[in-house]
Amino acid sequence: METSRSQVVELSYTLALGIPENILVEILSKLPVKSLLRFLCVSQEWHALTKSSYFIARHLVHHSSCSDQIRPCLLFLSSLAGNFEDDCKPRLGFSLLRDEEITFLGLPSLPNLTIKTAALKLVGSSNGLVFCHVIDTENWTSTTEEKHDIASRFRELLLVWNPATQQFRCLPEPKNNISLEQEEEATSVLFAFDCVHDHDISEYKLVRVFSHGSDDPTDHGKEVTTFEAQVFIRSTNSWRQVKDKLAFPSYKSCFESTATTLNGVLYWKVVQKSDECYVLSFSLHEEVFSIIQLPICIRYLNRDDYNWTTVPLYSWKDSPAIVVTDYSANGNPNIVFWVMSTNEESKSNTNESGTQMRTPTWVQQVRLKYSVLDGFGMIGRWKDQFLFTSKKTNEAAGATDDIEPEDLFLYDPRSDTKRKIVKHAVRIKFIQVENYVESLLPV
Amino acid sequence: MSRVFKLKSSDNETFEVEEAAALLSETIKSSSSTEITVPNVKAEILGKVVEWCNKHAESEDTKDQLIKEWDAEFVSVDQHVLFKLITAADYLQIKELVDQLTQRVGDMIKAKTLKTVEMTYPTFNVEREVQEELKSLGF
């Protein structure tokens, strides 16, 4: 439909004039953020309206509910292919998949991050806000303040960003209430992010979980490791120590890359010195830790299973799921999803330190033949289908540091079909994925 | 035997509507009387709204392709008619119709449209033009 310039002007004039506010809200809430930002200058009423939390909520509801059944809207942590030799370094950032088109977005204020010099983790995305944790070694210029040796060589940023409105903010750093000696050992740090819908649509909460040696001065063998948390809430704009702590015995290490946030709960895998594995969780809403026991057949660390230590917990119909590789009778490997049941009957009791220990039922839900995924890397799920990447053959692969670009596929286990979902020819490597919906939420 | 509702336009024309079609309107649903006057809405517009209700009452499945095409045709009207239809649908609280009409307005002013305009008139800066025109109109 052709609309001439004068019609656009006339339309805006009519709208700004005598339309009841509820109708104006209905019309404007159907527009994408890009259009709304353009129309901020139409009138003061429009400007105020688009900043009101009622409108922001209405806009979000509309865009969340009309998410396309066929075409996903996803945000990927990714690297734009480049070549270190040609001075066109592979850049680290995000790519947005919408309507089967991929667009690469550099991080605001940090457009030149590369895989060699920075670590970037996509903590989560909720209601259009994206949270990332950046450790950047290259662009840091140390100040004259005295800093711990390691700390002076990099800077760590917590960035909250709305890619649609392009607003972003660096959050203040939390302070650890632990001794310096313990701080040196505090290597496991996990983040989780969720929007807290109680009163204000724009309220969000960020959690930082970290571990350190025991607080108990008699524990010289460092048998018990303590997990603690701090939370940051947007409205208070500050960090607060969480009361609950988790004392985990015989702790060996945790697999930070396995951390996943699901329905406001952060889950991550840990292993004890005896190779016995557990899933630990922290609920953002209740602010409590708990230990979750695994079914016997997957309770012990299988060093041959690559998936175990690196693959994050997935969500399967809103429950956490662990992905393992096992072998069927004829020796063929399978990928199995063990899904945790979250019904109320799952047993739980409290251990000596007061932490809840849960023994829910785990059910094998999906078995995929490994051969289906040969040559592919699974990076996530979308609705009932799995997201895969595969490496394109790159004839011009130059330096060994060159990142090979990848195609993106959706695999439907019910029909055993793969579908390529990216048409655009940009060379991007996909690392992590989150569902994304655009919104006007302020950072 | 279903009831028959009478809708009266502002220029005193009456439309008879079957119950199934009439109850698509929340206003009629919560009204105690079967005779409703719709103020500020002329017969021409009210007639179209009644037509929409009749069409949607007879077809159960709103996701049907034929209905979708009919709806698309229905909202492809002149801007002035569109706003009058919105006013009527809003008064009668017919949610689905309001959604379709407002979606149509939204589609007309989406970014893509401005892009088309920018491409057709490459020497114009559309946003600036729009702002200037609005300023001259008193905004």
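Residues numbered from 1 in each chain as written. Chains lettered and ligands numbered in written order. Predicted model: local features only at pLDDT ≥ 70, side-chain atom pairs only at ≥ 80, totals over all residues. Heavy atoms only, no water.

**Describing the overall build of chain B**
So the rule is basically this: A helix here means a DSSP run of H or I that spans at least four residues, while a strand means a run of E at least two residues long, and both kinds are numbered starting from the N terminus. For every residue, the accessible area obtained with a 1.4 Å probe (protein chains only) is divided by the maximum for its type, and the residue is called buried under 20%, exposed over 50%, and partly exposed between those limits. Any two residues whose heavy atoms approach within 4.5 Å are treated as being in contact. Here the Shrake-Rupley method, with its probe set to 1.4 Å, supplies the accessible areas, and only the displayed protein chains count as covering residues.
Of regular secondary structure, chain B possesses 8 helices and 3 strands. Secondary structure elements of chain B, listed N to C terminal, follow the sequence β-β-α-α-β-α-α-α-α-α-α. Classification of the 139 residues of chain B by burial places 39% in the buried group. For chain B, restricting intrachain contacts to residue pairs at least 6 apart in sequence, the fraction spanning at least 24 positions comes to 58%. Surface accessibility of chain B: about 8100 Å² in total, with carbon and sulfur atoms responsible for 48%.

**Section: the nonpolar core**
As a reminder, the rule being used: Within this scheme, the nonpolar core is defined by two criteria: the residues are buried Ala, Val, Leu, Ile, Met, Phe, Trp, Tyr or Cys, and they are joined through side-chain atoms within 4.5 Å.
In this structure, A:Phe94, A:Leu107, A:Phe131, A:Tyr204 and A:Leu206 are the most contacted members of the largest nonpolar core, which totals 86 residues. Residues A:Leu190, A:Val209, A:Ala259 and A:Leu284 belong to the second largest nonpolar core, which totals 23 residues.

**Thoughts on helix 5 (residues 53-65) of chain A**
An α-helix turns once per 3.6 residues; consequently, residues spaced three or four apart project the same way. Quick reminder of the rule: Helices are assigned an expected span. That span is 1.5 Å times one less than the residue count. Directions are taken from the helix axis to each C-beta atom, and the arc is the one they span.
When the terminal C-alpha atoms of helix 5 of chain A are compared, their 18 Å separation across 13 residues agrees well with the 18 Å that a helix rising 1.5 Å per residue should span. By the burial criterion, the buried members of helix 5 of chain A are A:Phe55, A:Ile56, A:His59, A:Leu60, A:His62 and A:His63. Buried residues of helix 5 of chain A, seen end-on, are gathered within an arc of 165° and therefore sit on one face of the element. Seen from the open side of helix 5 of chain A, the exposed residues pointing more than 90 degrees away from its buried face are A:Tyr54 and A:Ser65. Buried positions along helix 5 of chain A lie against helix 2 (21-28), helix 3 (33-38) and helix 4 (44-51) of chain A together with helix 6 (95-109) of chain B.

**Let's talk about unusual backbone geometry**
Residues and elements named next belong to chain A. A positive phi is found at Gln-166, a non-glycine position, where the angle reads about 65°. Along the chain, the position of Gln-166 falls in the loop between strand 6 (155-162) and strand 7 (167-170). Positive phi is not limited to glycine here, since Asn-237 has a value of about 55°. Note on placement: Asn-237 falls in the loop between strand 10 (224-233) and strand 11 (238-241).

**Remarks on the sheet that holds strand 3 (residues 101-106) of chain A**
Residue and element names in this part refer to chain A. Heads up, the rule is: Between any two strands, at least two bridges found by DSSP are needed for them to pair. All axes are obtained by fitting lines to C-alpha atoms, using only the stretch in contact for helices, and the reported angles, taken between N-to-C directions, cover 0 to 180 degrees.
The strand order 3-2-1-27 describes an open sheet built from 4 strands, whose pairing is antiparallel. The open sheet has two edge strands, strand 3 and strand 27 (428-435), and neither has a second partner. For this sheet the average axis-to-axis angle between neighbouring strands, irrespective of direction, equals 30°. In terms of strand pairing, strand 1 (residues 74-80) meets strand 2 (residues 91-98) through 7 bridges, oriented antiparallel. Bridge pairing in strand 2 links Ser-78 to Gly-93.

**Regarding the confidence of the model for chain A**
All names here are of chain A. Quick note on the threshold: Every residue carries a pLDDT, the predictor's confidence in it, which falls somewhere between 0 and 100.
Looking at chain A, the pLDDT average stands at 77 and 75% of residues meet or exceed 70. The low-confidence segment residues 144-151, where pLDDT is below 50, has 3 contacts with residues more than four positions distant or belonging to other chains. In the model, residues 394-401 has pLDDT below 50 throughout and makes 10 contacts with residues more than four positions away in sequence or in other chains.

**As for the packing of helix 5 (residues 79-92) of chain B against helix 6 of chain B**
Residues and elements named next belong to chain B. Defined as follows: Any angle that is under 35 degrees is reported as roughly parallel, and any over 145 degrees as roughly antiparallel; angles of 65 to 115 degrees are reported as roughly perpendicular and all others as oblique. Handedness of a crossing is defined here by the sense of rotation of the near helix relative to the far one, left-handed for an anticlockwise turn of less than a right angle and right-handed for a clockwise turn. Under the grouping applied here, Gly and all other residues not named as nonpolar or charged are polar, the nonpolar ones being Ala, Val, Leu, Ile, Met, Phe, Trp, Tyr, Cys and Pro and the charged ones Asp, Glu, Lys and Arg.
Helix 6 packs onto helix 5 with a crossing angle of 150° between their chain directions and a minimal axis gap of 9 Å. Relative to helix 6, helix 5 is oriented roughly antiparallel. You can see that helix 5 and helix 6 cross each other, and the crossing is left-handed. For the pair helix 5 and helix 6, the contacting residues are Leu-82, Phe-83, Leu-85, Ile-86, Ala-89 and Asp-90 in the first and Leu-97, Val-98, Leu-101, Thr-102, Arg-104, Val-105 and Met-108 in the second. Its residues assigned to classes, the contact of helix 5 with helix 6 shows 10 nonpolar, 1 polar and 2 charged.

**Some words on the environment of A:Phe104**
Within the element layout of this structure, A:Phe104 appears in strand 3. Taking the C-alpha atoms as reference points, A:Phe104 and A:Thr165, separated by 61 residues in sequence, lie 16 Å from one another.

**Re the side chain of A:Asp407**
All names here are of chain A. Under the convention used in this document: Identification of polar contacts relies on pairs of N or O atoms within 3.5 Å, with a donor-acceptor requirement for protein atoms, meaning one able to donate a hydrogen and the other able to accept it, and with residues adjacent in sequence counted only if both atoms are side-chain atoms.
Examined against the element boundaries, Asp-407 turns out to sit in strand 25 (residues 406-412). Since its relative accessible area comes to 12%, Asp-407 is described here as buried. For Asp-407, the side chain forms a polar contact with the side chain of Lys-420, separated by 3.3 Å.

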